[in-house]
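Residues per chain, in single letters:
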Amino acid sequence: MSKMWTARLREGWQRNLPIEKLIPDAQPAYVASWIYVFGVLTLAAFSVIIASGLVLAFAGPAWYHTSSFGLFVNSLHFWSVQLFFVFMVIHLWGKFWMAAWRGRRMLTWVTGSVAFVASIATAFTGYLIQTNFDSQWIAFEAKDGFNSVGVGAVFTVTNLGQMLLLHVAFLPLILGVITLVHVLMVRKRGVVPPIDADESNTFENFSGALND
Amino acid sequence: MTKAMHSDKELFDAKPWHGKNRKYDIVKEGVIAVTVVSLLVLSFSLFFGSPDEKPLTFKGWAASNSDNFYATAVSELAGTSGTATYGAPYNKGGDGLNVGPLWLQKWVGVTHPIDTVNDFVVTPLTNSVQPAEVATALTQWKGAAEAQKSSWATKYDSAIAKVEGKLSAVPSGDYGPVPALAKGLTDMAKSGSLDAALLSQGGFFQTDATKQILYFGDGSYLDDAGTAANLQGGTWGMMNETGRYPGQAWLWLYSFWYQIPPFNNENSHPIGANADAYIMVLMGGLSLGLILMPLIPGIRTLPMRIPIHRAIWRNYYRSEGIKRRKD
């Protein structure tokens, strides 16, 4: 193995995640249920959230109060978040009932569930920066929970500036990185085999076969 | 399942799949997913829009319930308001909440200092041009000893409380400049200038709304508006949205605890009285449990014991003739 860091990184990547795994054109035959759709739907909703959020971020937090187009973009952002959570929760339940952490897929489960918790935090800060009555109310009510365990000292829900920057920069970046690692883990480990399947359902010498 | 069998199965699950495959166009799937979701989002946005209730203002508060605003101003001077008696991270007016021996709120100390007397009343009045009687009252207040200030404000605050906020029924007494200061602040609020004065505190750039939001919460205006919009915590308000829109439904479990005893009874000690802190710790533990679920005995084997997976993989099981594992 080369001593160059760059070469070692490239070799490690190619060994663990070759392009055929990263962008596959075949899947195990058991990956044939509607439940599998909800992972990619979650990612699709996330992409709409980012796109609509970029427009809102460019125009500023108060724009949508006075512009009908701004309110429409805000609606796109609002509904994409609602769908994002619906898809993600179904995806999460599906993966639970598949026991998708089997076969050294623990990190895939951990990154997925951390992404779920990070999504809640990100959405929460979004509600706080609406600069309307709802954000006033949520800030007043939510401060007590965070203050009660000392978190309010560093995470101040009534501080619009802090919540704004967390929502449009810090948290999406964190969520994006966790999601990326999650997806790469799925590609590296593959989709977990059915619970009742074992060696008798495979043919070791016939790898990569396309049956239909 | 024996330990050896479990190990074999874990090894099988970890190995690259060497069974039957099917064609899979990941790029096509992604494009279709984004298209379908975009169309769904577009449809919902066009048909339903999104909520945007205007924020409350001090002007609106003073105009709609002048007496409540006035009485709240007096409570800020007397140090009896919710903010004045809150404790950390705003002041030392209270000990805050605790979880058993853990007084985390108190231990972090005052990191966002709020002095309700000066921040909410005296400084906004000082930073604006005032009528002669308010200016005189301000001078009298600033020149008085702390004990005298406290005596005036406390007496007046108690007198207002005794007549349940009905200002016309307050008996005359030795209240010093407090009535004039409260009236001056109420007039400022009615004119609309208090909103900006509270935000700026004499400065220019400001992005922190902590003081205004806490002041709002000291009176009944914000609370009444929250009740009217069905947003109170005791009625699942945490996951509600203004109007007929879905809110943060993903906070259902967090909201759930506030609906049941002992969390929903603030007179119940120690949990109900410290519900916010206990629920935060509980939800933190449950979140950690979700993340580490594959390590939790009993829960990690549920998917094997409850055969929902037979429905998920039914086509594959049927085509391969795979029976349910009995081990």
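Computed from a prediction, not measured in an experiment: that's the story for all the values here. (Residues numbered from 1 in each chain as written. Chains lettered and ligands numbered in written order. Predicted model: local features only at pLDDT ≥ 70, side-chain atom pairs only at ≥ 80, totals over all residues. Heavy atoms only, no water.)

*Asks:* Is there a simple way to explain a nonpolar patch on the surface in this structure?
*Replies:* All names here are of chain B. Side chains of Leu-39, Leu-42, Leu-46, Phe-47 and Phe-48 sit close together on the surface and give an oily, nonpolar patch of about 580 Å² of accessible area. Topologically, Leu-42 is positioned in helix α2 (residues 26-48). Relative accessible area serves as the criterion here: at 35%, Leu-42 is assigned to the partly exposed category. (Patch = residues over 30% accessible without salt bridge, like charges linked within 9 Å, V, L, I, M, F, W, Y side chains within 5 Å. Areas by Shrake-Rupley, 256 points an atom, 1.4 Å probe, with all protein chains shown as cover. Salt bridge = Lys/Arg side-chain N within 4 Å of Asp/Glu carboxyl O. Helix = DSSP H or I, 4+ residues; strand = E, 2+ residues; numbered from the N terminus. Buried < 20%, exposed > 50% of the residue type's maximum accessible area, 1.4 Å probe, protein only.)

*Asks:* Even after reading the chapter, I still don't get the interface of chain B and chain A, so can you show me in this structure?
*Replies:* A common way to express how large an interface is: the accessible area buried when the components associate. Taken together, the contact between chain B and chain A spans 100 residues of the former and 102 residues of the latter. Both faces combined, the contact of chain B with chain A buries some 9100 Å², and carbon together with sulfur accounts for 67% of it. Contact with chain A buries area across many residues of chain B, yet B:Arg22, B:Trp250 and B:Trp313 alone supply 9% of it, more than any other trio. The interface formed by chain B and chain A contains 3 salt bridges. The residue A:Arg102 makes a salt bridge to B:Asp13 at a minimum N-O spacing of 3.1 Å. Taken together, chain B and chain A are joined by 40 residue pairs in polar contact (both at pLDDT 80 or more). Here the side of chain B that touches chain A gets 15 residues from one element, more than from any other, and that element is α2(B). (Contact = heavy atoms within 4.5 Å. Buried area = accessible area lost by both parts, 1.4 Å probe. Polar contact = N/O pair within 3.5 Å; in protein donor to acceptor, adjacent residues only side chain to side chain.)

*Asks:* Is there a simple way to think about the side chain of A:Asn147 in this case?
*Replies:* When you line up the elements, A:Asn147 lands in helix α7 (residues 133-148). Dropping the residues within four chain positions of it, A:Asn147 is found in contact with A:Gly152, B:Tyr86, B:Pro89, B:Tyr90 and B:Gln105.

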